[in-house]
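# Report on the structure
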Amino acid sequence: MSEKKDMDLTLKIWRQKDAQDKGQMVNYPVKSISPDSSFLEMLDVLNEDLVNKGDEPVAFDHDCREGICGMCSLYINGEAHGPDRKVTTCQLHMRKFKDGDTITIEPWRANAFPVLKDLVVDRSSFDRIQQAGGFISVNTSGNTQDANAIPISKIDADNAMDAATCIGCGACVATCKNASAMLFVSAKVAQFSLLPQGKVERKERVLNMVHQMDLEGFGNCTNTGACEVECPKGISLENIAIMNTEYLKASISKKA
Ligand code: SF4
Ligand code: FES
């Protein structure tokens, strides 16, 4: 339990009826918020209050509330997932704020993530990038080789596992001044390219995923590194270097 007392806060929240609406910031007071509650629980309190008054609740995305699904996606006081490091919005606690604070809450802002309603954005562009190559084809005939029988170096296994922790939340895009998706795409490419199971389709994978990323309208990477700082899973910029190498090799072998 936190030593802090319950807090009264002012929320400045982006309200937008639908994808066509211009949208605007609206102020809401919330009272007696426990510092032990999560950020999303605080929004639940606000929404209950709005519903009780007959007002439209604030739409926001969430699912697991455990930092796993990547659904929660709020820009809080100008930072993707708020002021804490390496946590998602659902893992952010109100003890990070103080009584009397004004908290600004906005959706991700990127052309490739159009706002659907209030704080909810359409991240299906990420799904289409995944569909372009974020998978491996396996033999499911019944005589599949046991994965544990394939030797993999500890370094590669660890790096692949680290890359695989990307939850597809999109904070990297929302944080990047160019709205680049390079950190996300590189995590998906690196996770497979480091493992023997991913090597079979490695060339098509990187070419197709990067092509789809460009089609979706994400910006270019200019190496500012903001994505790595705000990523709730600590995905490393080294994955971008791996992806660039993979892309170069695949492009050369395609031309040869
Ligand atoms: S790289 Fe990090 S910030 Fe980007 S989608 Fe994956 S988990 Fe989210
Ligand atoms: S709700 Fe699933 S990661 Fe936040």
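Keep in mind that this is a model prediction, so the values were computed, not measured.

### A short note on the nonpolar core
- Counting 63 residues, the largest nonpolar core has C172, V173, L183, F184, V185 and M209 as the members making the most contacts within it.
- Here this core gets 8 residues from one element, more than from any other, and that element is helix α5 (residues 182–193).
- For this core, the two domains that each supply at least three residues are domain 1 (7–117) and domain 2 (123–138 + 146–255).
- Filtering out sequence-adjacent residues up to four positions away, C172 remains in contact with L183, F184, C227, E230 and C231.

### Some remarks on the site of ligand 1
- Around ligand 1, the structure places 14 residues, and the nearest of them are C166, C169, A171, C172 and C231.
- Where the shell around ligand 1 is concerned, the elements lending two or more residues are α4 (171–175) and α5.

### Overview of the domain arrangement of the protein
- Domain boundaries assigned for the protein yield domain 1 (7–117) and domain 2 (123–138 + 146–255).
- Centre-to-centre, using C-alpha coordinates, domain 1 lies 29 Å away from domain 2.
- Tallying the contact residues gives 18 residues for domain 1 and 17 residues for domain 2.
- Counted by class, the side of domain 1 that touches domain 2 contains 9 nonpolar, 6 polar and 3 charged residues.

### Structural notes on helix α7 (residues 202–215)
- Over its 14 residues, α7 runs 20 Å from end to end, which matches the ideal 20 Å to within 8%, given 1.5 Å per residue.
- Structurally, α7 contributes buried residues whose contacts are with α2 (124–133), α5 and α9 (238–255).

### Some details on the packing of α5 against α9
- Contact geometry of α5 with α9 gives a least axis separation of 8 Å together with a crossing angle of 70 degrees. In terms of axis orientation, α5 runs roughly perpendicular to α9. Between α5 and α9 the crossing geometry is left-handed. Residues M182, L183, V185, S186, A187, V189, A190 and S193 of α5 touch α9, and the partners they reach there are N239, I240, I242, M243 and E246.
- Among the residues making up the contact of α5 with α9, the classes are represented as 9 nonpolar, 3 polar and 1 charged.

### So, the pairing of strand β5 (residues 102–106)
- The alternating pattern of β5 places I103 and I105 on a buried face, while none of T102, T104 and E106, on the opposite face, is buried.
- Pairing between strand β1 (residues 7–15) and β5: 4 bridges, direction parallel. In the sheet register, T10 faces β5, and the bridge partner there is T102.
- Relative to β5, strand β3 (residues 75–76) runs antiparallel, the two sharing 2 bridges. Bridged to I76 within β5 is I105.

### With respect to the environment of C221
- By the secondary structure assignment, C221 is in the loop between α7 and α8 (226–230).
- Exposure remark for C221: the 20 C-beta atoms within 10 Å place this residue in the buried category.
- Sequence separation between C221 and G133 is 88 residues, and the spatial gap between their C-alpha atoms is 20 Å.
- For C221, the contacting residues outside a window of four places in its chain are S180, M182 and I240.

### Observations regarding the packing of α7 against α9
- In contact at an axis separation of 9 Å, α7 and α9 are set at 110 degrees when each is read in the N-to-C sense. Regarding the angle of α7 to α9, the classification is roughly perpendicular. Across the interface between the two elements, R202, K203, V206, L207 and V210 of α7 pack against M243, E246, Y247, A250 and S253 of α9.
- Class assignment of the residues belonging to the contact of α7 with α9 gives a composition of 6 nonpolar, 1 polar and 3 charged.

### Examining unusual backbone geometry
- Look at N77: it is not a glycine, yet its phi comes out positive at around 50 degrees.
- Here N77 shows up in the loop between β3 and β4 (79–80).
- Classification of N77 as partly exposed rests on a count of 15 C-beta atoms within 10 Å.
- Positive phi, close to 65 degrees, is recorded for H81, a residue that is not glycine.
- Mapping H81 onto the fold places it in the loop between β4 and β5.
- Among the residues examined, H81 registers 27 C-beta atoms within 10 Å and is labelled buried.

Reading the values: the criteria
- Residues numbered from 1 in each chain as written.
- Chains lettered and ligands numbered in written order.
- Predicted model: local features only at pLDDT ≥ 70, side-chain atom pairs only at ≥ 80, totals over all residues.
- Core = buried A, V, L, I, M, F, W, Y, C linked by C-beta atoms within 7 Å.
- Buried ≥ 20, exposed ≤ 12 C-beta atoms within 10 Å, placed from the backbone.
- Helix = DSSP H or I, 4+ residues; strand = E, 2+ residues; numbered from the N terminus.
- Domains from an automatic or database assignment.
- Contact = placed C-beta atoms within 7 Å.
- Near = placed C-beta within 6 Å.
- Nonpolar A, V, L, I, M, F, W, Y, C, P; charged D, E, K, R; others polar.
- Expected span 1.5 Å × (residues − 1).
- Axes fitted to C-alpha atoms, helices over the stretch in contact; angles between N-to-C directions.
- Parallel < 35°, antiparallel > 145°, perpendicular 65-115°, else oblique.
- Left-handed = near helix turned anticlockwise from the far one by under 90°.
- Pairing = 2+ DSSP bridges.

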